[in-house]
Amino acid sequence: LLIFLTEYAEFLHCKGKKFTDFDEVRQEIEVETDRVTGMNKGISSVPINLRIYSPHVLSLTLIDLPGITKVPVGDQPPDIEQQIRDMIMQFISRENCLILAVTPANTDLANSDALKLAKEVDPQGLRTIGVITKLDLMDEGTDAREVLENKLLPLRRGYIGVVNRSQKDIDGKKDIKAALLAERKFFLSHPSYRHMADRMGTPYLQKVLNQQLTNHIRDTLPAFRSKLQSQLLSIEHEVEVYKNFRPEDPTRKTKALLQMVQQFSVDFEKRIEGSGDQVDTLELSGGAKINRIFHERFPFELVKV
């Protein structure tokens, strides 16, 4: 009971060590990042695993992915944009994950990298939740009301607006409770967001994520279980075949050799027919290449002779 009432954090790379000071958690993230990626803005696809235990937070598993970097800085490679894009795709392509597409309100939503990438892997918008940040930094006379009402670029799961701490607030050690109160005050006092203040803010986002993740797991679990069971049956069948396998048995060796020769023959025929799984779209191969040699190159060479 005492453990659960005390907020603490654990890192996978520091097994057994409990962090109760969250300033130390921040420092450990920075130290581990530098250790894995170097000291000059390098990147790595190896995640830092952090688990936080608290009676004040909901059960959620979040993967914080980097934003797209267009121009390499520091020790970043020239193809940094493609590397980060590949890293993001590696995670968001999975059907069993929800995509949290975060976009600043003070930029054009149509240029959002997060929404663009989400749309590539989730064209129907079934797994995407929009999050609009920096609502307090928009130009005077403008607002994100149409976006938050899901009218501009609609998503099935909609958009939620949040106001995070500024760098000045973080440097001034403004605590989370004070930041949440300031966020709540912003939405209640803003004429464009007053009518939807109860559907905005970080606490509401946490609640929605917890509900939607729970529902998403419930929806995807049956298909996931079915897939695992079919894979298990397939492996069990394969194990059954090899149960009485004796490598030194001469009849086994002969059978294995015949199977290999037969498979080579099938692969060879497929290669010539062009019906294999490796199709080269840049140049002719297999039977097409042989055909071209005989009907184009060979007569040409004969004429030359």
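First things first, this report covers the structure right here in the doc. (Residues numbered from 1 in each chain as written. Predicted model: local features only at pLDDT ≥ 70, side-chain atom pairs only at ≥ 80, totals over all residues. Heavy atoms only, no water.)

This next bit is on the overall build of the chain. Helix and strand counts for the chain stand at 10 helices and 5 strands. Against the 2.2 N^0.38 benchmark of 19 Å for 305 residues, the chain shows a C-alpha radius of gyration of 28 Å, more extended than a compact globule. Overall, the C-alpha framework of the chain stretches about 85 × 60 × 40 Å when taken along its three principal axes. Within the span of the chain, comprising 305 residues, buried residues form 23% of the whole. (Helix = DSSP H or I, 4+ residues; strand = E, 2+ residues; numbered from the N terminus. Rg over C-alpha atoms; globule rule 2.2 N^0.38 Å. Buried < 20%, exposed > 50% of the residue type's maximum accessible area, 1.4 Å probe, protein only.)

This part takes up the nonpolar core. Among the nonpolar cores identified, the biggest contains 19 residues, and Ile-132, Leu-135, Leu-148, Tyr-159, Phe-187 and Tyr-193 are the most heavily contacted of them. Of all the secondary structure elements, the ones that give two or more residues to this core are α5 (145-148) and α7 (176-189). With residues near it in sequence (within four places) discarded, Tyr-159 still touches Leu-109, Leu-115, Gly-130, Ile-132, Val-147, Leu-148, Asn-150, Leu-153 and Met-200. (Core = buried A, V, L, I, M, F, W, Y, C linked by side-chain atoms within 4.5 Å. Contact = heavy atoms within 4.5 Å.)

Another point: the packing of aromatic side chains. Tallied over the entire structure, the rule returns 7 aromatic pairs. A centroid spacing of 5.3 Å and a plane angle of 85° characterise the contact between Phe-11 and Phe-19, whose relative ring orientation is edge-to-face. Exposure class is identical for Phe-11 and Phe-19. Each is buried. Here the aromatic rings of Phe-187 and Tyr-193 are separated by 6.0 Å at their centres, their planes lie at 65°, and the arrangement is edge-to-face. Tyr-193 shares its class with Phe-187; the two are buried. Three or more aromatic residues joined by ring pairs make a cluster, and in this case those are Phe-186, Phe-187 and Tyr-193. (Phe/Tyr/Trp six-rings, centres within 6.5 Å; stacked < 30°, edge-to-face > 60°.)

Taking 1.5 Å per residue as the helical rise, helix α3 (residues 80-92) with its 13 residues ought to reach 18 Å, and the 18 Å between its terminal C-alpha atoms agrees with that figure. Along its buried surface, α3 packs onto β3 (99-104) and α4 (113-121). (Expected span 1.5 Å × (residues − 1).)

Side chains of residues three or four places apart in an α-helix project in the same direction, reflecting 3.6 residues per turn. When we look at burial in α4, the residues that qualify are Leu-115, Leu-117, Ala-118 and Val-121. When α4 is viewed along its axis, its buried side chains cluster within an angular range of 165° and face the same direction. Set apart from the buried face of α4 by more than 90 degrees, the exposed residues are Lys-116 and Lys-119. Next to the buried residues of α4 lie α3, β3, β4 (128-133) and β5 (159-161). Capping the start of α4 is the job of one residue whose side-chain oxygen sits 3.4 Å from the backbone nitrogen of Ala-114: Ser-112. (Arc of directions from axis to C-beta. Polar contact = N/O pair within 3.5 Å; in protein donor to acceptor, adjacent residues only side chain to side chain.)

Turning our eyes to something else, we now look at the pattern of salt bridges. Per the stated rule, a full pass over the model turns up 15 salt bridges. Arg-26 serves as the salt-bridge partner of Asp-23, at 2.7 Å between the closest nitrogen and oxygen. In this pair, Asp-23 and Arg-26 are both assigned in helix α2 (residues 22-37), 3 residues apart and thus about one turn of the helix distant. Among the residues examined, Asp-23 registers a relative accessible area of 31% and is labelled partly exposed. With a closest N to O distance of 2.6 Å, Glu-120 and Arg-85 form a salt bridge. Within this pair, whereas Glu-120 is found in helix α4, its partner Arg-85 is found in helix α3, the two being separated by 35 residues in sequence. According to the relative accessible area criterion, Arg-85 is partly exposed, its value standing at 23%. Through salt bridges with shared partners, one network takes in Lys-70, Glu-81 and Asp-113. (Salt bridge = Lys/Arg side-chain N within 4 Å of Asp/Glu carboxyl O.)

Now for the environment of Thr-214. Inspection of the secondary structure assignment puts Thr-214 in helix α8 (residues 202-242). What makes Thr-214 partly exposed here is its relative accessible area of 36%. A sequence separation of 129 residues divides Thr-214 from Arg-85, and the C-alpha atoms of the two residues are 28 Å apart. Here Asn-210 takes part through its backbone oxygen, which lies 2.6 Å from a polar atom of the side chain of Thr-214.

Attention now moves to unusual backbone geometry. Backbone geometry follows two general trends: most residues other than glycine have a negative phi, and most peptide bonds adopt the trans configuration. Not every positive phi belongs to a glycine, and Lys-134 is a case in point at roughly 55°. Residue class for Lys-134 comes out partly exposed when judged on its relative accessible area of 40%. For Lys-173, which is not glycine, the phi dihedral falls at a positive 55°. By the secondary structure assignment, Lys-173 is in the loop between α6 (167-171) and α7.

Topologically, Glu-183 is positioned in helix α7. Buried and without a salt bridge, Glu-183 has Arg-184 as its closest oppositely charged side chain, separated by 8.4 Å. Each residue touching Glu-183, except ones within four places of it in the same chain, is listed here: Val-162, Val-163, Gly-201, Thr-202 and Pro-203. (Lys, Arg positive; Asp, Glu negative; His and termini not counted.)

This next bit is on the environment of Asp-198. Note on placement: Asp-198 falls in the loop between α7 and α8. A sequence separation of 11 residues divides Asp-198 from Phe-187, and the C-alpha atoms of the two residues are 8.6 Å apart. If sequence neighbours within four positions are ignored, Asp-198 has contacts with Arg-184 and Tyr-204. Within the local environment of Asp-198, its side chain forms a polar contact with the side chain of Arg-184, the two groups lying 3.1 Å apart.

The values reported here are purely geometric and, on their own, carry no functional implication.
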